[in-house]
Amino acid sequence: MATFWTYDYVCSVHVEWKFLRRSRWTKVKVLYVATRYVPFFLIAMNLFINFTTNDSESPNKCGTMIFIYSGFFQMSITCSESFFVFRTYALWNNNRVILVAMLSTLLAVVLTSIGSRFTTIASSYVTISMIPGITGCYWSSYSVQFLSFVLLFVFQLGLISLTLIRVIQSWRTTNGHLHDVLVKHNIFYYACGLFFSGMNALVPMLVSNSVYYTILEDFQAFILATLATRMHLHLWHIDRQVHGSDALIYVSMSDMSPADLTV
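We now turn to the structure provided with this report. (Residues numbered from 1 in each chain as written. Predicted model: local features only at pLDDT ≥ 70, side-chain atom pairs only at ≥ 80, totals over all residues. Heavy atoms only, no water.)

This brings us to unusual backbone geometry. Its identity is not glycine, yet N93 carries a phi of approximately 55°, on the positive side. Within the chain, N94 stands out as a residue other than glycine whose phi angle is a positive 60°. Locating N94 in the fold gives a position in the loop between α3 (61-91) and α4 (96-124). (Helix = DSSP H or I, 4+ residues; strand = E, 2+ residues; numbered from the N terminus.)

The next thing to look at is the environment of T226. Checked against the element boundaries, T226 lands in helix α8 (residues 210-243). Exposure remark for T226: the relative accessible area of 11% places this residue in the buried category. (Buried < 20%, exposed > 50% of the residue type's maximum accessible area, 1.4 Å probe, protein only.)

As for its placement among the helices and strands, F146 is situated in helix α5 (residues 142-174). Of the residues examined, F146 reaches a relative accessible area of 34% and is grouped as partly exposed. Between the alpha carbons of F146 and S197 there is a distance of 9.9 Å; along the sequence they are 51 residues apart.

Scanning all chains against the criterion turns up one salt bridge. With its nearest N and O atoms 2.7 Å apart, the salt bridge here joins E16 to R36. Of this pair, E16 sits in helix α1 (residues 2-22) while R36 sits in helix α2 (residues 27-50); the two residues are 20 residues apart in sequence, bridging distant segments of the chain. What makes E16 buried here is its relative accessible area of 0%. Since its relative accessible area comes to 1%, R36 is described here as buried. (Salt bridge = Lys/Arg side-chain N within 4 Å of Asp/Glu carboxyl O.)

What follows is the structure, encoded as structure tokens:
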């Protein structure tokens, strides 16, 4: 996972730094930075818990590290999903009713996931040996993974449904090719996130080894962060082309576009 995220960052660093230098600091830019860089802390914590052990001097070390890891994981997922919320909000022409409904649902999903995760991790983590002579910390409760990703899947299904409604409306209005309309509305970003959430909910039912749960969680966080930041960079570059390549673009929440302006 660390290699995957580092490789993705190196491949896109020149584009990303151009965005960071040329765009003004706004709430969305702060959200972008958090979405992009929180996974680095997630990687660091994941590597640490993979090679740490409980000992007589620190009997609760594994539990503490897993709590910290879970905090970064939940932060990363929340930041990534916020991008999709604001994108859907823009596609619905900045409809505040839609925004309030999505944010309220996201908040409910996040709070429920945090509650279930932090109340069960303390009693469910285990210490197992993955490499001879090295013991890592892992947790065994499948219910934590299942509930979190089922809630995330349902939330993403709602977002993709709202987006598909706008796709159909736009398709009927413009009489264009359906594929072009789907691409224009970034539907494939939504679909990828939905697919991996479904996989994370289903695969642990088929695999009993708790180590795979952590791998799937990490992959989900990295995929969502990659999709969200890539989507935003794509929209920002299109916005620059519309307003002129020499302009200092102000990227705000509302600029994440009614479809005819920034996509």
